[in-house]
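# Remarks on the overall topology
Take a look at the letters that make up each chain.
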Amino acid sequence: MTGDRTVEDLLRTFAPQVLGLLVRRHGQFDRCEDAVQEALLAAATQWPAQGVPDNPRAWLLTVATRRLTDEWRSESARRDREVAVARREPAYAGVAPAADAEPNVPADDDTLTLLFLCCHPALPGSAQVALTLRAVGGLSTAQIARAHLVPEATMSQRIRRAKQRIEAAGARFTMPGPAERAERLGAVLRVLYLIFNEGYTASSGPDLRRAELTGEAIRLARILRGLLPDDGEVTGLLALMLLTDAHRAARVGPDGELVPLAEQDRSRWDAAAIAEGVALITEALTWSPPGPYQLQAAIAAVHAEAPTAAETDWRQIVALYRLLARIAPNPMVTLNQAVAVAMVDGPRAGLALLTPLDADDRTAGHHRLAAVRAHLLELAGEVGAAREAYLAAARGTTSRPEQRYLEVRAARLTGQE
């Protein structure tokens with residue numbers, strides 16, 4: 001591991017802990033988050049040259065607190081607040097604490113609270129994702145902007161508005177009560193899953209995947225499981241991510257092209273990630289009622305344990321999808337279920353499941369619906385209709401690798417009618 005890699009890992013680990021400490025102590029999420037970002041920038045500049053301090057978290061806390069103190073001092077309208085803060089936190093009022101002074105606060109609790117704060121219901125989903133990556137993931141605004149293929153200024157404004165909405169909503173830096181926490185946990189899991197999916201299959205741009213997003217989603221899911229080890233869905237989400245990401249090396253061809261699951265070289269799958277994912281979901285299902293993430297992880301495990309595509313236990317997968325469709329009906333679940341049903345009962349049965357999706361606003365005209373229909377039509381021998389569906393799907397996606405794959409599939413069918 002290189003020195004730069006070590007510094008980056010440390011910053012991502014300690015950023016949410018320091019931010020949580022500051023927000024819990026001082027409030028003002030917006031200002032505290034800006035101060036932490038300045039501290040991270042200082043560390044990224046100084047540590048590679050001067051060495052990592054003995055207590056990195058205390059170093060970051062010291063620098064961030066200085067930034068807050070300097071800002072409060074520079075604003076005459078906040079003099080009364082500066083006095084109050086100075087009285088409450090004398091160590092930070094004038095002279096910063098020693099770099100190895102460790103606050104007696106459980107950092108893990110702050111990280112979990114911060115995750116819940118970033119997924120506040122006052123924020124739209126896109127803002128929850130951006131703010132989680134920034135505040136909890138420790139990614140810079142520039143990194144988040146590149147991952148979402150938008151200008152840095154646009155992403156900066158999006159994050160700024162998200163922080164302002166949290167302040168306007170009067171959100172407190174405390175764990176929500178049991179009922180709200182259960183509801184908010186669903187948003188936390190959804191945000192982490194969205195981050196992972198955007199990294200695994202980029203929704204737009206020249207690259208099929210963005211490893212920085214999948215890696216960050218898995219890292220945050222590990223943190224969340226460490227904080228909530230008795231939640232089956234948290235464990236299920238981590239297992240699902242590991243089992244899915246295990247295909248990464250085999251999923252992209254030498255020229256960056258998409259390689260579908262059935263055609264992947266399974267010897268290139270990550271055996272360690274598969275073993276961990278299978279163990280996690282197997283253990284979770286022994287004590288937790290199956291939820292959507294656990295069922296998806298179970299499906300991924302069945303695929304992962306098949307030595308070849310031909311040996312996949314499609315009947316078990318169909319059974320799992322039927323259960324998933326009952327407890328968490330979703331058009332994307334139906335799309336995947338249709339493929340599984342087609343492998344067991346024939347392509348016509350799979351196509352029949354797709355028909356209601358044409359009237360669903362969430363999927364009508366979506367390129368994934370056209371792509372699945374094209375695949376099933378090809379299996380059914382309807383070459384002309386399959387080619388047209390592949391081309392329609394290619395026109396609908398903004399991902400260049402997906403577009404190339406769909407166009408190649410359509411071209412292969414030309415002249416076969």
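All figures in this text were calculated on a predicted structure; none of them were measured in a lab. Residue positions are given per chain, counted from 1 along the sequence in the order it is written. Reporting of local features is limited, given that this is a predicted model, to residues whose pLDDT is at least 70; pairs of side-chain atoms are given and counted only at 80 or more, and all residues count toward the totals for whole chains, interfaces and linings. Water and hydrogen atoms were dropped before computing side-chain values, which therefore reflect all heavy atoms in the structure.

## Some points on the overall build of the chain
Applied cut-off: Elements are defined by DSSP. Helices are runs of H or I of four residues or more, strands are runs of E of two residues or more, and each kind is numbered from the N terminus. The classification of residues rests on relative accessible area computed with a 1.4 Å probe and restricted to protein chains. Under 20% of the type maximum is buried, over 50% is exposed, and intermediate values are partly exposed. It only takes one pair of heavy atoms within 4.5 Å for two residues to be counted as in contact. Here, Shrake-Rupley sampling with a 1.4 Å probe gives the accessible areas, and only protein chains in the shown set may cover a residue.
Counting its secondary structure elements, the chain contains 21 helices and 2 strands. Taken across its 417 residues, the chain has 51% of its residues classed as buried. Taking the intrachain contacts of the chain between residues at least 6 apart in sequence as the baseline, contacts between residues at least 24 apart amount to 64%. Taken as a whole, the chain presents about 19,200 Å² of accessible surface, with 52% of it coming from carbon and sulfur.

## Points about the nonpolar core
Burial of nonpolar side chains together is a common tendency in soluble globular proteins. To keep it simple, the criterion reads: Joining through side-chain atoms within 4.5 Å is the link that ties buried Ala, Val, Leu, Ile, Met, Phe, Trp, Tyr and Cys residues into a set, and such a set is a nonpolar core.
The biggest cluster of nonpolar side chains holds 100 residues, and the ones touching the most others in it are Phe29, Leu60 and Leu224. For this core, the element with the most residues is helix H10 (residues 178–200), which contributes 10 residues. Dropping the residues within four chain positions of it, Leu60 is found in contact with Leu11, Phe14, Val18, Ala39, Leu40, Ala43 and Trp47. The next biggest cluster of nonpolar side chains, apart from the first, holds 22 residues, and it includes Ala374, Ala386, Ala389 and Tyr390.

## Here's the deal with the pattern of salt bridges
Keep this limit in mind: Salt bridge, as applied in this entry: a Lys or Arg side-chain nitrogen positioned within 4 Å of an Asp or Glu carboxyl oxygen.
Summed over all chains, the structure comprises 18 salt bridges. In this structure, Glu33 and Arg134 form a salt bridge, with 2.6 Å as the shortest nitrogen-oxygen distance. Of this pair, Glu33 sits in helix H2 (residues 29–50) while Arg134 is found in helix H7 (residues 125–136), placing the two residues 101 residues apart along the sequence. A residue is classified by how much of its surface remains accessible, and Arg134, at 10% relative accessible area, is buried. For Arg362, the salt bridge is made with Asp360, and the minimal N-O distance between the two is 3.0 Å. Shared partners join several salt bridges into a network, and the residues in it are Asp30, Glu33, Asp34, Arg134, Arg160 and Lys163.

Honestly, it's all geometry; don't read function into it.
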